[in-house]
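Coordinate analysis (summary)
Take a look at the letters that make up each chain.
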Amino acid sequence: MDAESFDREVEDFDRKRLAIFETLIKELVKASADVDSSDFGRVFSHAQSVLGISDLQMSLLFKVSRPTIGRWTRNVTAPHRFVRKAVYDTLLNEANNSLKGLRHQAK
């Protein structure tokens, strides 16, 4: 692969990453408005994957055990509906901060 092709691949990758973060943010906003949804595990798992946050980092962020993070990710359990909004809001804040950083890098 020549340098120009590599540059195009990197630019394409950056555009896709931005689009994925924007989609995640929309999904978190939607989920935060509907805390009764049964999609908690799916949204939580996607957020963890996109944000690149380990189970340990998530457990520290939410002050729960690593096994609890695993159960949330696998949709075995979910936090109480009143806590879900706070979880979504925290993930939304993390996603917005990451997106700002990506946009700044892209300039």
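Structure shown above.
Heads up: these notes are all about the structure in this document. (Residues numbered from 1 in each chain as written. Predicted model: local features only at pLDDT ≥ 70, side-chain atom pairs only at ≥ 80, totals over all residues. Heavy atoms only, no water.)

Points about the overall build of the chain
Along the chain, the regular secondary structure elements total 5 helices and 0 strands. Dimensions of the chain, computed from the C-alpha atoms along their principal axes, are close to 50 × 25 × 20 Å. Among the 107 residues that make up the chain, the fraction classed as buried is 30%. Pairs at least 24 apart in sequence give 68% of the contacts found in the chain among residues at least 6 apart. As presented, the chain carries roughly 7,000 Å² of accessible surface, and 54% of it is formed by carbon and sulfur atoms. Considering the chain, the positive charge centre built from 17 side chains and the negative charge centre built from 15 side chains are found 8 Å apart. (Helix = DSSP H or I, 4+ residues; strand = E, 2+ residues; numbered from the N terminus. Buried < 20%, exposed > 50% of the residue type's maximum accessible area, 1.4 Å probe, protein only. Contact = heavy atoms within 4.5 Å. Areas by Shrake-Rupley, 256 points an atom, 1.4 Å probe, with all protein chains shown as cover. Lys, Arg positive; Asp, Glu negative; His and termini not counted. Charge placed at Lys NZ, Arg CZ, Asp CG, Glu CD.)

Remarks on a nonpolar patch on the surface
Residues Met1, Phe6 and Val10 make up a contiguous nonpolar surface patch of about 350 Å² in total accessible area. Checked against the element boundaries, Met1 lands in the segment before helix H1 (3-33). (Patch = residues over 30% accessible without salt bridge, like charges linked within 9 Å, V, L, I, M, F, W, Y side chains within 5 Å. Salt bridge = Lys/Arg side-chain N within 4 Å of Asp/Glu carboxyl O.)

Describing the side chain of Gln48
Tracing the backbone shows Gln48 in helix H2 (residues 40-51). Polar side-chain contacts of Gln48 include one of 3.2 Å to the side chain of Thr73. (Polar contact = N/O pair within 3.5 Å; in protein donor to acceptor, adjacent residues only side chain to side chain.)

Details of the nonpolar core
Within the largest apolar cluster, 24 residues are counted, with the highest numbers of intra-cluster contacts made by Leu28, Phe44, Leu51, Phe62 and Leu91. Counting only elements with at least two residues in this core, the list comes to H1, H2, helix H3 (55-62), helix H4 (66-73) and helix H5 (81-106). (Core = buried A, V, L, I, M, F, W, Y, C linked by side-chain atoms within 4.5 Å.)

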